[in-house]
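Breakdown of the fold
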Amino acid sequence: MNRTFVEMNGRRLPLTNLEKDLYPSPGFTKAGILDYYRGIAPFMLPHLRDRAATFKRYPEGVEQDSFFEKRCPSHRPSWVKTAEVVHGDAEPMTVCLINDLETLIWAENLASLELHVPLARAASPRTPDSVVFDLDPGEGAGIPECSRVALILRDLLSGMGLMSWVKTSGKKGLHVFVPLNRSEATFEDTKLFSKAAAEIMQKHYPDLVTVKMAKRERVAKVFINWSQNDASKTMICVYSLRARERPYVSFPLEWPELENAVGQDPAQLQVIQSEAVRRAERMGDLFQDVLMKEQKLPHL
Amino acid sequence: MAVQGIWNGTVSFSLVAIPVRMVTAVEQGRVSFRMLHSTDHSPLERRMFCPREERMVPPDEIIRGFELGPDQYVTITDEELESVTPERSRTIEILEFVDRKELDPVYFEHPYYLVPSKGGEKAYQLLVEVMHRTNKAGIAKFVLAEREHLVAVVSRDNALELITLHYRSEVLPGDDFAPRKTALESDVESRIRKSVKKMKRDFDPGKYANERRTRIMELLMLKAKDQTPVEAPVPRDDEGEGPADLVAALEESMKKVKAGR
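Residues numbered from 1 in each chain as written. Chains lettered and ligands numbered in written order. Predicted model: local features only at pLDDT ≥ 70, side-chain atom pairs only at ≥ 80, totals over all residues.

With that settled, the discussion passes to the overall build of chain B. Summing up its helical and strand segments, chain B has five helices and 11 strands in all. Relative to its full complement of 261 residues, chain B shows a buried share of 15%. Sequence-distant contacts, at least 24 apart, represent 62% of the contacts inside chain B between residues at least 6 apart. (Helix = DSSP H or I, 4+ residues; strand = E, 2+ residues; numbered from the N terminus. Buried ≥ 20, exposed ≤ 12 C-beta atoms within 10 Å, placed from the backbone. Contact = placed C-beta atoms within 7 Å.)

Structure below.
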């Protein structure tokens, strides 16, 4: 096993198999992945901070098997911050908090290409920071349909006095976030709200939107998955890589980008790793407001 | 053909290097089923169970052990296993060419096709052609999915086929199972010889179908047409509208959205 050591903030970290092609098709190696996360870290770390991180690990690369790691591995370095979380009536579980660059690099050295986080912080697991609408196009639908649905949803929400932000899932879908950042927020409320909004969308755009999870209900439509608004669920973290044939990123977009994209080549909305760092450095963190903006859900 | 490759690299020998990707040459003929809970059709999962403590064991409490004898194990960590795992190879380096008829099928493990990548088409064609004309197979060693394989590269239907081979130590010698030699009566032998000759045909695997699979698939398609498929329950997807005020406000907002479009 090839091993190199890096020193970060006075901590010595072994990095292994840097030359391994984790994305074999474009030949993107683990060194490239570590480099990406190092470059994106200033923008991504605030979104990982104090959240129970789920590692989706691809030890043999994106074309081979992967597994979810929710528990913080017992072989972690002593300086990795952890929290205890309880789900339902299960035993408490130790989870990793990716609060600094060295923890992020350590996690990536484990080939955790995808980092997923819950909508709540570990210290307040019952308090969602945002409402999320997970827009997932079914067979025969894609980013153009998804963009239309996201734009209608944005207008619907803004008519209710709520601002929303959007990012690509890094796969075929889009994620619309409505930040709340209030200690009174509950998943009961966010679920009630997102379900009602999704059902109104389906009622008025039955040919475009479905709230049914069954695959055959989704053909040529966009499935609005409101049930992600749950303490037990996680979403792909903004700026995380996705395990696809190429290293696409879940990346924040500006609404005008979506407006321009409707009816155009869907590929242009996909953001690849090299472009992600460039764009973030130029535009800053477009998802910053998702962590800051305080909003209250009306009529609940 | 857009089959996803399971490996990308080059086939090389002496000074030739041909970029290729590898795809599997056979599909599993088995029909696979999901296990469902009969009461509500939820898909079921496998979990690790500790019979002594009578509880499910979470992944971080599971390690590997090699069984030495009854209730005796040596344990091994992922890191230790990784330390003895060969590096993934980027090349299939052909070490020697052998006559194809020398390749004993008992050694054949799994067939793959090598597909030329961009820029490699010409050299690929040449190699296919030469191997076909000379009826030779290239023997190479390479690492796939952590295992080092001995492989044979042969030409087949104008493409390169790669067959992973068993190691010598894995193949049991047939003479262990052969009966002791005795004198054979010549009339019996000639009778058998005749009936073999009578039954001689050209090998045509297309004649034989996996009949059980065909029948299962026919049955499944028939059932799928006649009955509505059962569905796994959608978690908490209860019907019913939201609070009246909220729904009214959403309807109001939606009216404006539609007017504005």
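Another aspect to go through is the packing of helix α1 (residues 30-48) of chain A against helix α6 (residues 273-283) of chain A. All names here are of chain A. The N-to-C vectors of α1 and α6 enclose an angle of 35°; their axes lie 10 Å apart at closest approach. For the element pair α1 and α6, the recorded crossing hand is left-handed. Taking contact as the criterion, the partners of Tyr36, Gly39, Ile40 and Phe43 in α1 are, on α6, Gln273, Ala276, Val277 and Ala280. Taken together, the residues of the contact of α1 with α6 sort by class into six nonpolar, two polar and no charged. (Axes fitted to C-alpha atoms, helices over the stretch in contact; angles between N-to-C directions. Left-handed = near helix turned anticlockwise from the far one by under 90°. Nonpolar A, V, L, I, M, F, W, Y, C, P; charged D, E, K, R; others polar.)

With that settled, consider the sheet that holds strand β9 (residues 136-144) of chain B. Residues and elements named next belong to chain B. Taken in spatial order, the seven strands close into a barrel running β1-β2-β8-β11-β10-β9-β7, and their pairing is mixed. Neighbour to neighbour, the strand axes of the sheet diverge by 40° on average, direction disregarded. Direction of pairing for strand β8 (residues 108-116) relative to strand β11 (residues 159-165): antiparallel, over a ladder of six bridges. Following the sheet pairing, His110 is matched in β11 by Thr164. (Pairing = 2+ DSSP bridges.)

Residues and elements named next belong to chain A. Ordered by their spatial adjacency, six strands build an open sheet running β13-β14-β10-β12-β11-β17, and the pairing between neighbours is mixed. Here the strands that pair on one side only, and so sit at the sheet edges, are β13 (209-210) and β17 (252-253). Inspection of the sheet shows strand β10 (residues 130-137) paired to strand β14 (residues 222-225) by four bridges, in the antiparallel sense. Following the sheet pairing, Asp136 is matched in β14 by Phe223. Of the strands in this sheet, β10, β13 and β14 are in contact with helix α4 (residues 187-204), which crosses β10 at around 40°.

Right, let's talk about the interface of chain A and chain B for a bit. It is common to give the size of an interface as the accessible area that goes away when the parts come together. Every contact between the two is made by 29 residues of chain A and, on the other side, 28 residues of chain B. Only α3 (143-159) and α4 of chain A provide two or more residues apiece to the side of chain A that touches chain B. Sort the elements by how many residues they give to the side of chain A that touches chain B and α4(A) lands first, with eight residues. Class assignment of the residues belonging to the side of chain A that touches chain B gives a composition of 15 nonpolar, seven polar and seven charged.

This part covers the packing of α4(A) against helix α5 (residues 244-260) of chain B. At their nearest, the axes of α4(A) and α5(B) sit 10 Å apart, and the two run at 45° to each other. By the angle between their axes, α4(A) is oblique relative to α5(B). Handedness of the crossing formed by α4(A) with α5(B): right-handed. Residue-level inspection shows Phe193(A), Ala196(A), Ala197(A), Ile200(A) and His204(A) of α4(A) in contact with α5(B), the latter providing Leu246(B), Val247(B), Leu250(B), Glu251(B), Met254(B) and Lys258(B). Across the contact of α4(A) with α5(B), the residue classes break down as eight nonpolar, one polar and two charged. (Parallel < 35°, antiparallel > 145°, perpendicular 65-115°, else oblique.)

What follows deals with the confidence of the model for chain B. Residue and element names in this part refer to chain B. Of all residues in chain B, 95% have pLDDT values of 70 or greater, and the mean over the chain is 85. Looking across chain B, the model is least confident in helix α1 (residues 78-83), with a mean pLDDT of 82, and most confident in β11, with 94. Among the prediction metrics, the complex's ipTM stands at 0.89, with pTM recorded as 0.60. (pLDDT = per-residue confidence, 0-100.)

Residue and element names in this part refer to chain A. Burial analysis of β10 places eight of its eight residues in the buried class, the great majority of the element. Taking every second residue as pointing to the same face, both faces of β10 are buried, with Ser130, Val132, Asp134 and Asp136 on one and Val131, Phe133, Leu135 and Pro137 on the other. Sheet topology note: the β10/strand β12 (residues 174-179) ladder contains six bridges and is antiparallel. Each residue of the ladder has a partner; that of Val132, found in β12, is Phe177.

Here the focus is unusual backbone geometry. The backbone of Glu54(B) sits at a positive phi, close to 55°, despite the residue not being glycine. On the secondary structure map, Glu54(B) appears in the loop between β3 (49-50) and β4 (55-56).

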